[in-house]
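Remarks on the overall topology
Below are the chains, spelled out letter by letter.
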Amino acid sequence: MRARGWFWMFLLSFASLCGGELPQAVTVCAVGARYGGNEQEDMAGTLRAMMAFHSENLRRILKEKPDLIVFSECIDLPRNLATEAEKRRWYDFAGKKLREYFRETARRYRSFVVYPHLEPAPGGGFYNTAELFDREGRPVGKPYRKQYLPRYEAEGGVRHGTETVVWETEIGRIVPLICFDLNFDELLHEVVALKPDFVVFPSWYHGDLMQNYWAYRTGAHFIGAFSGEASVVNPLGRTLETGTPERPDVVRTVNPDCLQVHWDYNREPLARARAKYGDEVSHTEVDRLGVVLLSSHRPGKSAREIAAECHIVPWEAYYRETVDARQRAEPEARP
């Protein structure tokens, strides 16, 4: 009884700590298309062509009125620029203009925009950076600087970032990572502790099963924008939408007011919630994973509040209870 009492105390306190009402419909967009021009000398022409490319691409996407737009890694960098000197020259000419272009995109279309770019560093080199603009085009929180760099990137003048960030917004908590970051458990553990609603992933590579694993481990919707592809993955690690070479951008409406729930001990509590709230609460079908996704569709009543009210145990609490029980039993098991 003592352990179960602690268990419910944890559940109720966790529900209160994670307060703040989330919207129950957020339209997200991942942009896989990127400008592929190779102009060498005409920087003004390259800049005009790049902006025209994005404007044409966005016209199609913005009909869906997305709340969140994620672009792929270094979206403002022409592909043909190889040396640090060439990149510095480009950003000295175009950096402020492109940043203003993406800020204006956020302002004009009332969307949160993730703007990935190379950020010139004082004293030389760059940071591989992602910045978030709000619906007014204002920066949100700190920029994120890619922390885990492949050798070629570090040797090419890119500096390591040192801090994981979370962007607090009206649509939920957003945590960014960039490309090679996806491979590192050290960063994954930090992101899990931040309890994001969305993980955004500007990249030049897909990541395959890792993006599904990150979605599941963080309990967040994962929005990936890759070079030529894009995807949206739900908190059970199920891919909801993916781009194609012909249509590399994806738009999907998701419900961030959701909660991972293990099937153990929760069948009757979930049935009680359905009996009380009807179609205003739902959960996915149980499958081989053994974890379902509980979602609230009732204004003013979050999934966590419904879980606490109906004694539905979140998977994170059940996980922690199991780990703690094993640690308490460990000394007794030693010879």
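Report follows, based on the coordinates. (Residues numbered from 1 in each chain as written. Predicted model: local features only at pLDDT ≥ 70, side-chain atom pairs only at ≥ 80, totals over all residues. Heavy atoms only, no water.)

**Looking at the overall build of the protein**
Along the backbone of the protein there are nine helices and 16 strands. Taking 335 residues into account, the globule formula puts the C-alpha radius of gyration at 20 Å, and the protein, at 22 Å, falls close to it. Reported as C-alpha extents along the three principal axes, the dimensions of the protein are approximately 75 × 55 × 30 Å. Going through the 335 residues of the protein one by one, you find that 51% of them count as buried. Put simply, 64% of the contacts in the protein that link residues at least 6 apart link residues at least 24 apart. Summed over its atoms, the accessible surface of the protein is roughly 16,200 Å², and 52% of this surface lies on carbon and sulfur atoms. Between the centroid of the 44 positive side chains of the protein and the centroid of its 47 negative side chains there is a distance of 2 Å. (Helix = DSSP H or I, 4+ residues; strand = E, 2+ residues; numbered from the N terminus. Rg over C-alpha atoms; globule rule 2.2 N^0.38 Å. Buried < 20%, exposed > 50% of the residue type's maximum accessible area, 1.4 Å probe, protein only. Contact = heavy atoms within 4.5 Å. Areas by Shrake-Rupley, 256 points an atom, 1.4 Å probe, with all protein chains shown as cover. Lys, Arg positive; Asp, Glu negative; His and termini not counted. Charge placed at Lys NZ, Arg CZ, Asp CG, Glu CD.)

**Some details on the layout of surface pockets**
Its boundaries defined by the atoms lining it, the second largest pocket holds a volume of some 320 Å³. Along its surface, the second largest pocket is lined by 19 residues, and Leu77, Lys87, Tyr152, Glu153 and Trp204 are the ones closest to its centre. Residues belonging to the lining of the second largest pocket are distributed by class as follows: 10 nonpolar, three polar and six charged. (1 Å grid on protein atoms, 1.4 Å probe; cavity = no way out; pocket = protein on both sides within 12 Å on 5 of 7 lines; lining within 4 Å. Points joined across faces, edges and corners; volume = space filled by probe spheres on them. Nonpolar A, V, L, I, M, F, W, Y, C, P; charged D, E, K, R; others polar.)

**A few points about the packing of helix H2 (residues 43–61) against helix H3 (residues 84–109)**
Geometry of a packed helix pair, given as the angle between the helix axes and the separation of the axes. Viewed as axis vectors pointing N to C, H2 and H3 meet at an angle of 20°, and their least axial separation amounts to 11 Å. Comparing the axis directions of H2 and H3 gives the class roughly parallel. Regarding H2 and H3, the two cross each other, and that crossing is right-handed. For the pair formed by H2 and H3, the contact residues are Met43, Ala44, Thr46, Leu47, Met50, Met51, His54, Ser55 and Leu58 on the first element and Arg89, Trp90, Phe93, Ala94, Lys97, Leu98, Tyr101, Phe102 and Thr105 on the second. For the contact of H2 with H3, the class distribution of residues is 12 nonpolar, four polar and two charged. (Axes fitted to C-alpha atoms, helices over the stretch in contact; angles between N-to-C directions. Parallel < 35°, antiparallel > 145°, perpendicular 65-115°, else oblique. Left-handed = near helix turned anticlockwise from the far one by under 90°.)

**Focus on the side chain of Ser72**
In this structure, Ser72 sits in the loop between strand S2 (68–71) and H3. Residues contacting Ser72, with those up to four places away along its chain left out, are Val31, Arg34, Pro116, Pro202, Ser203, Ala225, Phe226 and Ser227.

**Here we look at the environment of Ala303**
Position of Ala303 among the secondary structure elements: in helix H8 (residues 303–309). You can call Ala303 buried: its relative accessible area is 1%. With 153 residues separating them along the chain, Ala303 and Pro150 place their C-alpha atoms 40 Å apart.

**Notes on the sheet that holds strand S9 (residues 198–202)**
Think of a sheet as strands paired side by side through backbone hydrogen bonds, with each pair either parallel or antiparallel. Read from one edge of the open sheet, six strands run S7-S8-S9-S10-S11-S12, paired in mixed fashion. The open sheet has two free edges, formed respectively by strand S7 (167–169) and strand S12 (239–242), since each of these has just one partner strand. Averaged over all neighbouring strand pairs, the angle between strand axes comes to 20°, with direction disregarded. Both strand S8 (residues 172–176) and S9 contribute to a ladder of three bridges, which runs parallel. If you follow Ile174 over to S9, its bridge partner there is Phe198. (Pairing = 2+ DSSP bridges.)

**Here we look at the pairing of S2**
Residues in a regular strand project their side chains so that they alternate between the two faces of the sheet. By the alternation rule, side chains of S2 split into Leu68 and Val70 and Ile69 and Phe71, which are all buried. As judged from the four bridges shared by strand S1 (residues 26–31) and S2, these two strands associate in the parallel manner. Each bridged residue has a counterpart across the sheet, and for Cys29 the counterpart in S2 is Ile69. Sheet topology places S2 next to strand S3 (residues 112–120); three bridges connect them, and they run parallel. For Leu68, the partnering residue across the bridge sits in S3 and is Phe112. One crossover worth recording links S2 to the parallel S3 by way of H3, and it is right-handed. (Right-handed = clockwise from strand over helix to strand, strands pointing away.)

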